[in-house]
Amino acid sequence: MMQSDQGSLEDRLRDIQSVTDAALSQLSDQEMLAELLERTRSILRADTAAVLLLDSPSGQLIATAAAGLEEEVRQGVRVPVGRGFAGRIAAERKPVILDHVDHTTVLNPILWAKGIRTLMGVPLIAGTRVIGVLHVGSLTPREFSTEDVELLQLAADKAASAVQSLTGLEDRIAAVALQRSLLPSALPLTGDAQLAARYVPGEGSVGGDWYDVFTLPSGELGVVMGDVTGSGLAAAVIMGRMRSALRAYALESSDPADVLARLDAKMQHFEPGALATVSYAVFSPALDRMRICLAGHYPPVIATPGQPGTLAEIPPGLLIGAAPDASRRVTTITVSPGMILCFYTDGLVERRRVPIEDRLALLCRAVRAVPPETACAAIMAELVGAEQPRDDIALVALRRKPTDREP
Amino acid sequence: MSAHDYLIEWRGPRAVVRMPAEIDVTNADQARAALLAATGQRPAVLIIDMSETTFCDSAGVAAIVVSYRQAAGTGTQFRLVTTKVERILQLTGIAELMPIDASLDAALAATEG
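Attention in this report is confined to the structure presented alongside it. As the structure is a computational prediction, the values presented were derived from the model and not from experiment.

### A closer look at the overall build of chain A
A count of helices and strands for chain A gives eleven helices and 16 strands. Relative to the globule expectation of 22 Å for 407 residues, the C-alpha radius of gyration of chain A, 29 Å, shows a markedly less compact shape. Overall size of chain A, expressed as C-alpha extent along the three principal axes, is 95 × 40 × 35 Å. Of the roughly 18000 Å² of accessible surface on chain A, 53% is carried by carbon and sulfur atoms. Here chain A contributes 39 positive and 49 negative side-chain charges, whose respective centroids are spaced 4 Å apart.

So this is what it looks like as structure tokens:
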């Protein structure tokens, strides 16, 4: 270590190469993190290396990967930001070197119990956010040089990008799985109702769109279309809760406005930051009547045989989560044989720089009172075509069976 | 979409925040931050000036609602100026939360004194 200044330029270049190695990127993110820690420990001739990642909701750093210090991960060590060695690095966003390791400087007893004498740590930064801490430790007293700090920061930057892509991927996989599990796998078959649906996740991150179709004990049919603001796993989780709550209230009340008012009150109390649009319709058992309530959601498009679609005239209601005690109204619409009703989320109709009026008009032209599968296919072809949608798209088409004379 | 300067323009106790020509998921965060900065100063009236806004989607609507919710209980009255994006504000129920004026002058006249 003493001669590290002139140790040789070659060694140093080899060290840098070791942590920025392109081959590392070919490993999976998890393997890459483990390999990176191993190399970091080796080139810095340290005894331990560990990565702690920030858990934003709790404000704690959680031990996630380690080399020579596996117990830290296995015991689920947590350090609050701002406290102890790792907490200080995260709070100050700069490297910290400790040559005095005991309970006064380090919160995690594993570190001093193990006999670590010197610690050096740097923040993991993604963009402008601190997402964790990388630290190495030595069982013998030593001085870490400026070059050592720089090398560690280089490794931390590499780790930060691996972690980001890992969490992004995990969130996306979880959100897609959650979404899939919550969408009805088969639409209920009830007498005169013919149903079809489409769900297309948006590019990049999955959002909080959902639809639900269920029969009620009364023989009525409930049709839900909803969209939670935001995207990714967080929105998908809220969507799941809203879907369950709405189903529960649907059993308790046959009035769609009452159901949405209860849902709104529940969300404002338990999920105060959430915002969502919902359309909830209840069809009579004979399917000749629909009672519907909208909460900030686009109204359905309705078409009768031989006629173009029109946007249903339904008074708008406020989004769920916007303000307490929003007034909720029910609109009753007569459903004639052969009539089709299309429910959808904003992803189907909103496009950058295209006025919403134009897109809604396009949708109305695309909706025909034909079998729902045919209708869904035509709507998706007309409004989506070959483009990769940025936002989620959900679409449910319900047709009342035509009388025998009609096709 | 070019950057837009969100300035809070004060007309006595009334704050006016001018919104960009287009608001969608790519820039709604800035719109929300600007509106929250304005409500944080507890104006008597917050006028969201969308007179130059020709396009607004659900993300823009959410930005407005979040600022409205943030100001709940502070006494700030909201008004919104628009002619071109009124449809989405009607459809999403925003129009129930705050009066919509056709011009900034009309919004200012309605909140005189």
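More follows now that the structure is in view.
### Some thoughts on the layout of surface pockets
In this model, the largest pocket occupies a volume close to 1200 Å³. Every residue lining the largest pocket is counted, 49 residues in all, and those nearest its centre are T229, G230 and S231 of chain A together with V25 and A59 of chain B. If you list the elements that add at least two residues to the lining of the largest pocket, you get β8 (207-215), β9 (221-231), α7 (232-252) and α9 (346-349) of chain A together with α1 (28-40) and α2 (58-70) of chain B. With seven residues, the top contributor of residues to the lining of the largest pocket is α2 of chain B. Here the second largest pocket is characterised by a volume of approximately 490 Å³. Lining the second largest pocket are 16 residues, and of these L53, L54, D55, V163 and T167 of chain A lie nearest its centre. Listed by contribution, the elements that provide at least two residues to the lining of the second largest pocket are β1 (48-55), β6 (129-138) and α6 (146-182) of chain A. Broken down by element, the residue count for the lining of the second largest pocket peaks at six residues, all from α6 of chain A. Looking at the lining of the second largest pocket residue by residue, the classes come out as seven nonpolar, five polar and four charged.

### Considering the side chain of D101 of chain B
Residue and element names in this part refer to chain B. Looking at the element boundaries, D101 is found in strand β7 (residues 100-101). A polar contact of 2.7 Å, which involves the side chain of D101, links it to the side chain of R79. Other than its neighbours up to four places away in sequence, D101 contacts R79, L80, V81, T82, A106 and A107.

### Some remarks on the state of the cysteines
Residues and elements named next belong to chain A. In total, this model carries zero disulfides over all chains according to the counting rule given. Take C293: it sits in no disulfide, and the sulfur closest to it among the cysteines is that of C342, at 20 Å. By relative accessible area, C293 is classed as buried at 0%.

### Thoughts on the sheet that holds strand β13 (residues 310-311) of chain A
Residue and element names in this part refer to chain A. Reading across the sheet, the five strands line up as β7-β16-β15-β12-β13 and stay open at both edges, with antiparallel pairing between neighbours. Each end of this open sheet is capped by a strand with a single partner; those strands are β7 (193-200) and β13. In this structure, β7 lies alongside strand β16 (residues 393-400), joined through eight bridges in antiparallel fashion. In the strand pairing of β16, L195 is matched with L398.

### Topic: the sheet that holds strand β2 (residues 60-67) of chain A
Residue and element names in this part refer to chain A. In spatial order, the strands read β3-β2-β1-β6-β5-β4; together these six strands make up an open sheet with antiparallel pairing. Since the sheet does not close on itself, it has two edges, and those belong to β3 (78-80) and β4 (96-98), each with one partner. With strand direction ignored, the average angle separating the axes of adjacent strands in the sheet is 25°. Looking at chain direction, strand β5 (residues 118-126) and β6 are connected through nine bridges and run antiparallel. Each bridged residue has a counterpart across the sheet, and for T118 the counterpart in β6 is S138.

Cut-offs and rules
- Residues numbered from 1 in each chain as written.
- Chains lettered and ligands numbered in written order.
- Predicted model: local features only at pLDDT ≥ 70, side-chain atom pairs only at ≥ 80, totals over all residues.
- Heavy atoms only, no water.
- Helix = DSSP H or I, 4+ residues; strand = E, 2+ residues; numbered from the N terminus.
- Rg over C-alpha atoms; globule rule 2.2 N^0.38 Å.
- Areas by Shrake-Rupley, 256 points an atom, 1.4 Å probe, with all protein chains shown as cover.
- Lys, Arg positive; Asp, Glu negative; His and termini not counted.
- Charge placed at Lys NZ, Arg CZ, Asp CG, Glu CD.
- 1 Å grid on protein atoms, 1.4 Å probe; cavity = no way out; pocket = protein on both sides within 12 Å on 5 of 7 lines; lining within 4 Å.
- Points joined across faces, edges and corners; volume = space filled by probe spheres on them.
- Nonpolar A, V, L, I, M, F, W, Y, C, P; charged D, E, K, R; others polar.
- Polar contact = N/O pair within 3.5 Å; in protein donor to acceptor, adjacent residues only side chain to side chain.
- Contact = heavy atoms within 4.5 Å.
- Disulfide = S-S within 2.5 Å.
- Buried < 20%, exposed > 50% of the residue type's maximum accessible area, 1.4 Å probe, protein only.
- Pairing = 2+ DSSP bridges.
- Axes fitted to C-alpha atoms, helices over the stretch in contact; angles between N-to-C directions.

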